[in-house]
Amino acid sequence: MERIQSTTPTHVHVVGGGLAGLTAAITAAESGARVTLYESHRTLGGRARTADGPYRTNEGPHALYRGGPHHTWLARRELLGPVAPVPPLEGLRFRFRRAGALRRVPPVALLRLARRGARTAPVDSDFRSWAAGQVGDEGARAAAHFAAAALFHHDPGGLAARFVQERLVRLASLPPEARYPAGGWGRLVERLAGHARAIGVAVETGARVDTRTLGELARTGPVVVATSLDAARVLLDDASLTWESGRTVLVDLALRTRRGDAFVVSDLDAPGWVERFTAQDPGLAPAGEQLLQGQFPIGPDARKAEGTARAEELLDLGFPGWRERTTWRAEALADGRTGAVDRPGTTWRDRPSVIRGDGIFLAGDQVAAPGLLSETSFTSGIEAALLAVKAAGRRSGPSAGPGSGQPSAQPSPSGG
């Protein structure tokens with residue numbers, strides 16, 4: 001793409017209206033830039049969409065983790081909105097499948113491992129090998145499968161030890177870090193979009209950007225590409241934009257309410273879990289019904305039926321009579337929609353850089369930014385926006401010229 005000095009250097013363009021794009025647009029506008037956000041769909045949200053009623057499902061768990069940087073970022077702007085913690089009584093209904101049976105407590109080895117700091121785990125080793133040396137093979141296997149709730153990967157034990165351990169520690173923290181936006185992701189997206197418009201962001205929905213129009217946008221200012229990594233690879237015609245993600249079978253289920261149902265059933269025999277989301281947010285389903293969601297990671301060549309069968313095994317254990325109580329059911333194969341996973345020898349710094357050159361910056365959940373699940377979208381969105389504003393300022397200076405305003409190295413993301 002030809003490098004052309006900007007004629008309106010403070011104009012920052014954001015392509016993509018999901019969490020990363022909205023965060024980037026708000027950050028750039030707060031930094032004094034004129035911002036236009038382009039979303040190809042008619043509605044904003046990306047993968048953070050919530051279905052219209054009566055069953056308000058999300059494309060995956062919609063939890064915000066209290067210890068994460070985006071929780072603070074949202075709260076400071078009064079965008080967090082009503083959030084629900086795990087109800088104490090429901091926490092007592094956390095169940096574990098181990099050796100084929102339903103149990104009330106996890107293995108002691110898993111708890112011991114979860115108390116170890118993330119930095120005690122090496123980057124260069126896989127989690128299975130390192131954890132086995134700490135608590136034995138059985139404990140390592142159970143811990144890896146428990147951590148799958150923040151990994152969405154069919155072989156969590158084969159991922160980098162530090163990457164998995166960071167997620168295990170946060171998942172097992174007490175009191176739980178997870179906070180659930182009331183009404184699902186959609187309510188949070190509405191607040192973000194409303195705030196963006198209120199501070200001057202021009203939001204264009206139904207606006208598809210292709211390679212040609214991207215070049216036209218780049219002539220008037222830096223561009224933040226806040227799409228999926230697959231879409232960014234096509235848009236930027238850059239084959240290097242790849243990184244491993246997870247693949248899961250997503251099962252959404254509405255049941256008639258029954259006292260005594262589990263809150264969560266975590267499978268320690270294989271990666272997967274089922275959670276009853278109406279436990280903390282009853283408004284997600286009609287009165288007298290409860291909404292469940294299960295995620296079951298499967299390998300790249302596995303069929304959806306494999307994940308569905310494992311889902312039904314957990315439902316049999318934790319939700320007796322669920323088949324007769326089912327009022328609605330939906331299934332989907334979530335391929336490459338679960339954020340980045342890091343193999344041994346790699347960290348988030350090795351993922352595709354936020355800085356792409358020629359005034360182009362990248363944001364999303366598979367790029368070089370830290371964080372747990374959606375936190376990566378937030379931290380990369382903030383970093384990409386700050387770099388874009390900085391680049392715009394340099395291009396407008398007296399010494400501006402082709403290629404000016406491009407930082408020379410990958411920075412440490414500001415949200416980290």
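A few points on the structure.

So, how was this worked out
- Residues numbered from 1 in each chain as written.
- Predicted model: local features only at pLDDT ≥ 70, side-chain atom pairs only at ≥ 80, totals over all residues.
- Heavy atoms only, no water.
- Helix = DSSP H or I, 4+ residues; strand = E, 2+ residues; numbered from the N terminus.
- Rg over C-alpha atoms; globule rule 2.2 N^0.38 Å.
- Buried < 20%, exposed > 50% of the residue type's maximum accessible area, 1.4 Å probe, protein only.
- Contact = heavy atoms within 4.5 Å.
- Areas by Shrake-Rupley, 256 points an atom, 1.4 Å probe, with all protein chains shown as cover.
- Lys, Arg positive; Asp, Glu negative; His and termini not counted.
- Charge placed at Lys NZ, Arg CZ, Asp CG, Glu CD.
- Pairing = 2+ DSSP bridges.
- Core = buried A, V, L, I, M, F, W, Y, C linked by side-chain atoms within 4.5 Å.
- Axes fitted to C-alpha atoms, helices over the stretch in contact; angles between N-to-C directions.
- Parallel < 35°, antiparallel > 145°, perpendicular 65-115°, else oblique.
- Left-handed = near helix turned anticlockwise from the far one by under 90°.
- Phe/Tyr/Trp six-rings, centres within 6.5 Å; stacked < 30°, edge-to-face > 60°.
- Polar contact = N/O pair within 3.5 Å; in protein donor to acceptor, adjacent residues only side chain to side chain.

Once that is clear, we can look at the overall build of the protein. A count of helices and strands for the protein gives 13 helices and 16 strands. Since a compact globule built from 416 residues should have a radius of gyration of about 22 Å, the 22 Å found for the protein is in line with a globular shape. For the protein, buried positions account for 57% of its 416 residues. For the protein, the share of sequence-separated contacts (at least 6 apart) that also reach a separation of at least 24 residues comes to 74%. When the accessible area of the protein is evaluated, it comes to approximately 17000 Å², of which 51% is carbon and sulfur surface. Computing the positive centroid from 51 side-chain charges and the negative centroid from 43, the protein places the two 4 Å apart.

By the element assignment, arginine 310 lies in helix α11 (residues 304–318). Ignoring any residue separated from it by four or fewer positions in sequence, one finds arginine 310 in contact with Ala270, Pro271, Gly272, Phe296, Pro297 and Ile298.

To continue, consider the sheet that holds strand β4 (residues 83–85). The strand order across the open sheet built from three strands is β3-β7-β4, with neighbouring strands paired in antiparallel fashion. Each edge of the open sheet carries a strand with a single partner, namely β3 (64–65) and β4. Two strands pair when backbone bridges link them, and β4 and strand β7 (residues 178–181) are joined in this way by three bridges, in the antiparallel orientation. Paired with valine 83 across the two strands is proline 181, which belongs to β7.

Ranked by internal contacts, the top residues of the largest apolar core, which has 58 residues, are Val14, Leu74, Leu192, Val224, Val225 and Phe361. Core analysis: the second largest hydrophobic core is formed by 45 residues, Leu110, Ala114, Ala131 and Val264 among them.

Moving on, we come to the pairing of strand β12 (residues 273–276). In β12, alternate side chains face the same way, and those of Trp273 and Glu275 on one face and Val274 and Arg276 on the other are all buried. With three bridges joining them, strand β11 (residues 264–267) and β12 adopt antiparallel strand pairing. Across the sheet, the residue bridging to valine 265 is valine 274, located in β12. Between β11 and β12, which pair antiparallel and follow one another directly, the connecting turn spans five residues. As paired strands, β12 and strand β13 (residues 289–297) are joined by four bridges and run antiparallel to one another. Bridged to tryptophan 273 within β13 is glutamine 295.

We now examine the packing of helix α1 (residues 19–30) against helix α8 (residues 185–198). Viewed as axis vectors pointing N to C, α1 and α8 meet at an angle of 25 degrees, and their least axial separation amounts to 10 Å. One way to sum up the angle between α1 and α8 is to call them roughly parallel. Note on packing geometry: the crossing formed by α1 with α8 is left-handed. Residues Leu19, Leu22, Ile26 and Glu30 of α1 pack against Trp185, Val189, Leu192, Ala193, His195 and Ala196 of α8.

This next bit is on the packing of aromatic side chains. Evaluation of the coordinates by the stated rule reveals eight aromatic pairs. With 5.0 Å between their ring centres and 15 degrees between their planes, tyrosine 55 and tryptophan 328 make a pair best called stacked. Of this pair, tyrosine 55 sits in the loop between β2 (34–39) and β3 while tryptophan 328 sits in strand β14 (residues 326–340), and the two are 273 residues apart along the sequence. Judged by its relative accessible area of 12%, tyrosine 55 is buried.

Attention now moves to unusual backbone geometry. The peptide bond linking glycine 53 to proline 54 adopts the cis configuration, its omega dihedral lying at 5 degrees. With respect to the helices and strands, proline 54 occurs in the loop between β2 and β3. With an omega of -5 degrees, the peptide bond running from leucine 174 to proline 175 counts as cis. For proline 175, the location among the structural elements is in the loop between α7 (161–171) and β7. The backbone phi angle of alanine 99 is positive, close to 55 degrees, even though this residue is not glycine. Examined against the element boundaries, alanine 99 turns out to sit in the loop between β5 (94–98) and β6 (101–103). Relative accessible area serves as the criterion here: at 63%, alanine 99 is assigned to the exposed category. Phi at phenylalanine 152 is positive, roughly 55 degrees, even though this residue is not glycine. Owing to a relative accessible area of 5%, phenylalanine 152 belongs among the buried residues under this scheme.

Quick look at the side chain of threonine 379 now. Position of threonine 379 among the secondary structure elements: in helix α13 (residues 374–395). Engagement of the side chain of threonine 379 in a polar contact is seen with the backbone oxygen of proline 370, the distance being 2.9 Å.

The next subject is α7. When you tally the buried positions in α7, you get eight out of 11 residues, the bulk of the element. Within α7, burial applies to Ala161, Phe163, Val164, Gln165, Arg167, Leu168, Arg170 and Leu171.

On to the sheet that holds strand β15 (residues 355–357), then. The six strands lie next to each other as β8-β2-β1-β9-β16-β15, forming an open sheet whose pairing is mixed. Because the sheet does not close on itself, it has two edges, and the strands there are β8 (202–205) and β15. When strand polarity is set aside, the average angle formed by the axes of neighbouring strands in this sheet is 20 degrees.

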